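Residue-level structural notes
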Amino acid sequence: MSILELTNVSYRAGGRLILDRVNWQVEPGQHWAILGANGAGKTTLLKIACGYLWPNSGGEVTRLGQRLLDLRELRKSIGWVTLDMPGKVPADEPALDTVVSGRFAQVGLRRKLLRDELHARLFDEAREQLAALGADSLAAQAFGTLSQGERQKVLIARARMAKPLVIFLDEPCGGLDPGAREHLLAALEQLAQRTDDIALVLVTHHVEEIMPAFTNTLAMANGAVVAKGESSELLTTALMTQLYDVSSPQWIRSNGRVWPVW
Ligand SMILES: Nc1ncnc2c1ncn2[C@@H]1O[C@H](COP(=O)(O)OP(=O)(O)OP(=O)(O)O)[C@@H](O)[C@H]1O
């Protein structure tokens, strides 16, 4: 059964069609990348998948075969790490508390409200989540003092605390320097390789960020799906030209990644 299934989803806003009959299934054990130029409809698609928007021009979204009705339950089952999220986390909160707060789907942890026994268990779990991203050394550091790459790791660990079915990573490498980007991508690759109970969906503008574990890619243009399938077959010069309206790049393929040279 699909973790998430969008069938003929259409969405209209501002007098025009933003999503046009989108079909997409995320199966257990899959990790996806989503590509598309600015304005292609990626964020709108994710908002619909999370239940923040409803397909107002037709179509259906199901999660584990069920229609999305209980919004609280739904939002716990789909984590979303966005670039504007760091601004919402209290700057003086220790990173470990930020991770624990993910279990309650709230921003800012109220430690006093936790029972001792639950407290110990959750904090142990949060340490494990940080360690899975190679970020355990950050546990005691105030969130506001972390670098951008470190914040992304903490927020991904936080999203995993809710034990979601899917985590959407919306341009997690945005604003990172090349070294920080490679560290984050390596951590994501390791996580994706070891995790098949939580699907990861990476939205990116840069094909070289599609690590080998992101075996499937969805490509969008003008609100419609123009290609979807195995990343290794789908990433072609013709698709890049179609998506970004630039002349065909040459490809450098290395370690399961594809680097376009325009
Ligand atoms: N509420 C709205 N009213 C009018 N237009 C909207 C609305 N929401 C989205 N749009 C338009 O829909 C299009 C798709 O927007 P969306 O944010 O989904 O694109 P995107 O692929 O995520 O882009 P980016 O890569 O720049 O983040 C854009 O042209 C945007 O202006």
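Named according to an unreviewed UniProt entry, the chain is Putative ABC transporter ATP-binding protein YlmA originating from Adhaeretor mobilis.

Focus: the pairing of strand E6 (residues 78–81)
Burial of the side chains of E6 extends over both faces: Ile78 and Trp80 are buried on one face and Gly79 and Val81 on the other. As judged from the four bridges shared by E6 and strand E7 (residues 166–170), these two strands associate in the parallel manner. Along E7, the bridge assignment pairs isoleucine 78 with valine 166.

As for the confidence of the model for the chain
Per-residue pLDDT for the chain averages 90, and the proportion of residues at 70 or more is 95%. Listed scores for the predicted complex are pTM 0.93 and ipTM 0.97.

Description of the sheet that holds strand E4 (residues 60–63)
As summarised here, the arrangement of the four strands in space is E2-E1-E4-E5, forming an open sheet in which the pairing is antiparallel. The open sheet is flanked by strand E2 (16–26) and strand E5 (66–67), the only strands paired with a single partner. Relative to E5, E4 is paired through two bridges, and the arrangement is antiparallel. What sits directly across from arginine 63, in E5, is glutamine 66.

Details of the site of the ligand
Taken together, 13 residues lie around the ligand, and Arg16, Gly39, Lys42, Thr43 and Thr44 are the ones closest in. A distance of 2.9 Å separates an oxygen atom of the ligand from a polar backbone atom of glycine 41. In isolation the ligand offers 640 Å² of accessible surface; the protein chains occlude 61% of this area. Looking at the shell around the ligand, the elements that each hand over two or more residues are E2 and helix H1 (42–50). Counting residues per element, the shell around the ligand draws most heavily on H1, which supplies three residues. When its residues are assigned to classes, the shell around the ligand shows four nonpolar, seven polar and two charged.

Rules used throughout
Residues numbered from 1 in each chain as written. Predicted model: local features only at pLDDT ≥ 70, side-chain atom pairs only at ≥ 80, totals over all residues. Heavy atoms only, no water. Buried < 20%, exposed > 50% of the residue type's maximum accessible area, 1.4 Å probe, protein only. Helix = DSSP H or I, 4+ residues; strand = E, 2+ residues; numbered from the N terminus. Pairing = 2+ DSSP bridges. pLDDT = per-residue confidence, 0-100. Near = heavy atom within 4 Å. Polar contact = N/O pair within 3.5 Å; in protein donor to acceptor, adjacent residues only side chain to side chain. Areas by Shrake-Rupley, 256 points an atom, 1.4 Å probe, with all protein chains shown as cover. Nonpolar A, V, L, I, M, F, W, Y, C, P; charged D, E, K, R; others polar.

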